[in-house]
Amino acid sequence: MKLVIAIVNDEDVHSLLDELTTHKFRVTKLATTGGFLKSGNTTLLVGVEDEEVDKVIEIIKDNCESREQITTSPTPVSGATGVFIPFPIEVKVGGATVFVVDVEKYVKL
Ligand code: 2BA
């Protein structure tokens, strides 16, 4: 068994959850925060049999878009006057970031 951990954009979550549950996958949704942008994203946990991993990844791929996002520099430029001037930078966020890990034990009580 595997655990698929998918970090996705909040805007893609509803359609993705609908699609995963329609295909009878069991999903847990966590509200998470990206360390770089410090803005909200969503992490989904999907426990599946090994042979279903590719199907889950395909569904994630079909439902998650990548987006350009503007943020300010995490390390603002400091001038000779000591004034900090944050400057905008553009980052490309997701589609999705997916980890697949082995599940040692799965117990439902
Ligand atoms: P954030 O950490 O908020 O990162 C948002 C986007 O900012 C990233 O998109 C990437 O394009 C850029 N970025 C992140 N760290 C950077 C850095 N040190 N320097 C320059 N640009 C940087 P994605 O790569 O698509 O990641 C989207 C979200 O997925 C991340 O949000 C984070 O929450 C998660 N994530 C991505 N890779 C991860 C990893 N290896 N481990 C844990 N979480 C990860």
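Report follows, based on the coordinates. Owing to the predicted nature of the structure, the values given are computational and were not obtained by experimental measurement. (Residues numbered from 1 in each chain as written. Predicted model: local features only at pLDDT ≥ 70, side-chain atom pairs only at ≥ 80, totals over all residues. Heavy atoms only, no water.)

All right, on to the sheet that holds strand β8 (residues 96–102) then. Pairing is antiparallel in the open sheet, where four strands are placed in the order β2-β3-β1-β8. The two strands at the open ends of the sheet, each matched to only one other strand, are β2 (27–33) and β8. Between one strand and the next, the sheet's axes are offset by a mean angle of 20 degrees, whatever the strand orientation. Direction of pairing for strand β1 (residues 2–8) relative to β8: antiparallel, over a ladder of seven bridges. Across the sheet, residue I5 finds its bridge partner in β8, namely F99. Across the sheet, helix α1 (residues 13–22) lies against β1, β2 and β3 (40–48), angled at about 10 degrees from β3, the strand it touches most. (Pairing = 2+ DSSP bridges. Helix = DSSP H or I, 4+ residues; strand = E, 2+ residues; numbered from the N terminus. Axes fitted to C-alpha atoms, helices over the stretch in contact; angles between N-to-C directions. Contact = heavy atoms within 4.5 Å.)

Here K2 lies in strand β1. Along the chain, K2 and I59 lie 57 residues apart, while their C-alpha atoms are 16 Å from each other. Within the structure, K2 has its side chain in polar contact with the side chain of D102 (distance 2.3 Å). (Polar contact = N/O pair within 3.5 Å; in protein donor to acceptor, adjacent residues only side chain to side chain.)

Around the ligand, the surrounding shell consists of I7, G34, G35, F36, L37, N41, V91, K92, V93, G94, T97 and F99. Residue K92 places a main-chain N or O atom 2.7 Å away from an oxygen atom belonging to the ligand. G94 is positioned such that a nitrogen or oxygen atom in its backbone is 2.6 Å from an oxygen atom of the ligand. Notes on the ligand: free accessible area 750 Å², of which the protein chains cover 51%. Of all elements in the fold, only β7 (88–94) and β8 reach the threshold of two or more residues within the shell around the ligand. (Near = heavy atom within 4 Å. Areas by Shrake-Rupley, 256 points an atom, 1.4 Å probe, with all protein chains shown as cover.)

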